[in-house]
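Architecture and fold: a report
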Amino acid sequence: MATTQYYTATTIDGFIADPDNSLDWLFEVSGDEGDNPFADFFAGVGAFAMGATTYEWVLAHEKLLDQPQKWAEYYGDVPSWVFTHRDLPPIPGADVTFVQGDVRPVHAAMTAAAAGRNVWVVGGGELAGAFADAGLLDEIILGVAPVTLGAGAPVLPRRLSSRRLSLTEARRRGQFAYLTYAVGPPG
């Protein structure tokens, strides 16, 4: 059975993007050469979803409309869904479906497409929160970077009590602390 995971990088003060919705802060952190935790994680992913702001940032930052092959280099042929209320340009050749509304039917489609592999909720935090609210988020994996922003997009802009979260793993990889939490049902 597929596990639905919110895997994201966050600052020490709990932000996933700066006030301008940029992730540039993340690329300032030196990694552990040869160690790629994302590649290990993504090897188990069979479908993923992201919000419109995340999609727009990736689109612009990676210049994907001019270089659409980069999408396949990063994500292969793994199907993706983008939650949005506005018209966004599709990436030529990418398996991207634009959706809006309730996460439950989309999650069902993602789980079917994942065919037993994991479902990744890329972000943002509001989208991950919608999956948690619906009882569809099984795990939160945070790569905590040695950075503070003071403001920006929060990692999860809602309250999840400690009754719903259980630390299952903590490890260090380079400058990052990776924390994995099991997410219980709403209640």
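Refer to the structure above for everything that follows.
Residues numbered from 1 in each chain as written. Predicted model: local features only at pLDDT ≥ 70, side-chain atom pairs only at ≥ 80, totals over all residues. Heavy atoms only, no water.

Structural notes on the packing of aromatic side chains
One pass over the full model with this rule turns up 20 aromatic pairs. Judged by centre distance (5.5 Å) and plane angle (90°), the rings of tyrosine 55 and phenylalanine 98 are edge-to-face. Here phenylalanine 98 lies in strand β5 (residues 96–99) and tyrosine 55 lies in helix α2 (residues 52–61), a separation of 43 residues in the sequence. Ring pairing ties together the aromatic residues Tyr7, Phe38, Phe41, Phe42, Phe48, Trp71, Tyr74, Tyr75, Trp120, Phe176 and Tyr178, which thus form one cluster. (Phe/Tyr/Trp six-rings, centres within 6.5 Å; stacked < 30°, edge-to-face > 60°. Helix = DSSP H or I, 4+ residues; strand = E, 2+ residues; numbered from the N terminus.)

A word on α2
What α2 keeps buried is the set Ala52, Thr54, Tyr55, Trp57, Val58 and Leu59. Lining the buried residues of α2 we find β3 (45–51), α3 (69–75), β4 (80–83), β5 and β6 (118–123). Directly beyond the C-terminal end of α2, a positive phi value near 50° is found at lysine 63. (Buried < 20%, exposed > 50% of the residue type's maximum accessible area, 1.4 Å probe, protein only. Contact = heavy atoms within 4.5 Å.)

Section: the nonpolar core
Ranked by internal contacts, the top residues of the largest apolar core, which has 29 residues, are Phe42, Val45, Phe48, Met50, Tyr55, Trp71 and Trp120. A total of five residues in this core trace back to one element, the largest contributor, which is α2. Ignoring any residue separated from it by four or fewer positions in sequence, one finds valine 45 in contact with Val78, Arg117, Asn118 and Trp120. The next biggest cluster of nonpolar side chains, apart from the first, holds 27 residues, and it includes Ala49, Leu127, Leu136 and Leu156. (Core = buried A, V, L, I, M, F, W, Y, C linked by side-chain atoms within 4.5 Å.)

As for the layout of surface pockets
Empty space left among the atoms is revealed by rolling a probe the size of a water molecule over them. One number sums up the size of the largest pocket: a volume of about 1,500 Å³. Together, 50 residues line the largest pocket, and Ala9, Leu23, Leu26, Trp120 and Val122 are the ones closest to its centre. The leading source of residues in the lining of the largest pocket is α2, at six residues. Residue classes in the lining of the largest pocket are distributed as 28 nonpolar, 16 polar and six charged. (1 Å grid on protein atoms, 1.4 Å probe; cavity = no way out; pocket = protein on both sides within 12 Å on 5 of 7 lines; lining within 4 Å. Points joined across faces, edges and corners; volume = space filled by probe spheres on them. Nonpolar A, V, L, I, M, F, W, Y, C, P; charged D, E, K, R; others polar.)

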